[in-house]
Amino acid sequence: MIDEDANTNAGKLAGVPVALKDNISTCGIKTTASSRILDNYVPVYDATIVKKLREAGADFVCKASMDELGMGGTNKNAYTGAVHNPYDLDRIPGGSSGGCAALVAAGCVPLAIGTDTGDSVRKPAAYCGVVGVKPTYGRISRYGIIPYASSLDHVGYFTTNVKDAALALEVLAGRDDHDMTSSYKEVGEYSKLLNSDLTNKTIGVFKTVFDEVENEELKAQFNSLVSKLEEKGAKIVNVEMPKEYMELIAPVYKTIANAEATANHSNLDGIRFGMREEGQDLEEVMTNTRTKGFSSYVRARFVIGSYSLFEENQDRLFRKAQKIRRLIVQAYAKMFEECDAVLSVAAPTIAPLIHESSNVRFGVSSFAEEHMQLQNFSGYPSITLPLGKVDSMPVAVNLTCKPFEEQKMFDVSSAIEECTGLKDNVWRDRNELFCNNWY
Amino acid sequence: MEKFSTEYFHKLANDLKFDLSDEEIEELKKILLPSRSKYPFLKKWTPKG
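Residues numbered from 1 in each chain as written. Chains lettered and ligands numbered in written order. Predicted model: local features only at pLDDT ≥ 70, side-chain atom pairs only at ≥ 80, totals over all residues. Heavy atoms only, no water.

Visitor: An account of unusual backbone geometry is needed here, citing residue identities and associated values.
Guide: Where the residue is not glycine, phi is negative for most of them; where a peptide bond is considered, it is trans in most cases. Residues and elements named next belong to chain A. Cis geometry marks the peptide bond from Gly95 to Ser96; its omega dihedral reads 10°. The backbone phi angle of Leu69 is positive, close to 55°, even though this residue is not glycine. The buried category is assigned to Leu69, whose relative accessible area is 3%. Positive phi, normally seen in glycine, also occurs at Asp119, with a value near 80°. Secondary-structure assignment places Asp119 in the loop between β3 (111-116) and α3 (122-128). Judged by relative accessible area, which is 5%, Asp119 ranks as buried. (Buried < 20%, exposed > 50% of the residue type's maximum accessible area, 1.4 Å probe, protein only. Helix = DSSP H or I, 4+ residues; strand = E, 2+ residues; numbered from the N terminus.)

Here it is as structure tokens:
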């Protein structure tokens, strides 16, 4: 837990050890995005959030592994090595910010900064039993972040409790002239204003997602939490989205994300920076570099992205996906007309076993798995909080509010934390980690 | 060139300045082709505007 009072004069995060996902540029320190093509890339500048954290007194202790270039949800697809879930080493931590989630869950750091393009902070937080935050689109500068899909990319982060999450946003948020998508909206004093009183607050239970969850134990824990929130004074209503929209989330996401990724990574060619393979001419250098630099999985995604951007396919695929994204967001926004926040199960299962999980999910999957991409479509602020355990593995809830209502999000989250009692919930065998394995 | 043939995917990859092996293309076909037929919005959705 971050002791803010002890650090008042030295900066809000003075002495706090922080891990950074390896797609966050750090001046003079290798930044690979877990891709071979960036194996020797050492940025000559800091990302804006790195500067902000440094000014707040944070100590950077490591760069965290991730799925290559942010593409994936297992953290198996990393040139720098796969990540395992601290609660069960045979299971994935989720991705793409799985390294960050595992470090916080294992108690190694109280704060880790990741990125979230399609639930890449909030799903790993659910699998690892920690708090995962993705604020409003534009709330945190993305300058210096190696991009994935620009219209969906957000900076997010992991902590072990809500107050730390609120404090971290005070440091990270704010306008940055280097990032034209960053907002001029004033940054609140979220941690000081935390208020868990639920009087006059309406919480919408995302019934469409709940109905898709099959695990009875998880459903019982979720219902128990909802009852406790009602006892604390919240008005509870059910909110729903048309199923046909929910089923479109995955294909629309994949169409947009792959297309944007293809364009964003065209500069990784071995000429300007990163690793280089030799060739007879410039063309051959680029082809050899990109063939050996990207994994087979990433090259496949580029091909699919490129396909939807072809002139003959643009209207039928890419533009249609963009239009449907708008329709989905409109329907999603309607849900917030009758409530202050929407609560749902974060992930419908515990973390999958490593050998059973796959990044190859281009096809249609259950929308209970993909529903947190709604907040990437809409840019709404969203947080994942521990709910309890099923089969000794963490399970979690997700809470979303309207744009720039982060204070309300943290307030309701604080009430949820009081209900679950899961504050500073880290893997309990950390002594074994430090004493037996490291010495 | 026939659409979704191996040659077609080689061309797509080469346009993006990398190569795909024949095995990688077969894997890509396994992913892309079934998912295309499953994507409902490809066929039924005609949003205006």
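Visitor: Before we move on, can you summarise the nonpolar core with the specific residues and values?
Guide: All names here are of chain A. Membership of the largest hydrophobic core comes to 81 residues, with the highest contact counts inside it found for Leu53, Ile113, Tyr157, Leu343 and Phe410. Ranked by the residues each element gives to this core, the list is headed by helix α4 (residues 162-172), at eight residues. If we skip the residues at most four places from it in the chain, Leu343 touches Ile203, Gly204, Val205, Phe206, Phe222, Leu225, Val226, Leu229, Val397, Asn398, Leu399 and Ile416. Counting 62 residues, the second-largest nonpolar core is a separate cluster that includes Ile37, Leu248, Val298 and Leu317. (Core = buried A, V, L, I, M, F, W, Y, C linked by side-chain atoms within 4.5 Å. Contact = heavy atoms within 4.5 Å.)

Visitor: Tell me about helix α2 (residues 98-105) of chain A, and name the residues and values.
Guide: Owing to its 3.6 residues per turn, the α-helix brings residues three or four apart onto one side. Residue and element names in this part refer to chain A. Counting buried positions along α2 yields seven of eight residues, so the element is predominantly enclosed. The secondary structure elements touched by the buried residues of α2 are β1 (17-21), β2 (59-64), β3, α3 and β5 (154-159). Positive phi appears at Gly107, one or two residues downstream of α2, with a value of about 80°.

Visitor: Residue-level account of the sheet that holds strand β7 (residues 235-239) of chain A, with values.
Guide: All names here are of chain A. The strand order β2-β1-β3-β5-β4-β9-β10-β8-β6-β7 describes an open sheet built from 10 strands, whose pairing is mixed. Only two strands of the sheet have a single partner each, and these edge strands are β2 and β7. Each adjacent strand pair in this sheet contributes to an overall mean axis angle of 25°, direction not counted. The sheet contact formed by β3 and β5 spans five bridges and is antiparallel. In the sheet register, Thr115 faces β5, and the bridge partner there is Val155. Most of the contacts of α4 go to β5, to which it runs at about 145°, and overall it touches β3, β4 (131-134), β5 and β9 (382-390). (Pairing = 2+ DSSP bridges. Axes fitted to C-alpha atoms, helices over the stretch in contact; angles between N-to-C directions.)

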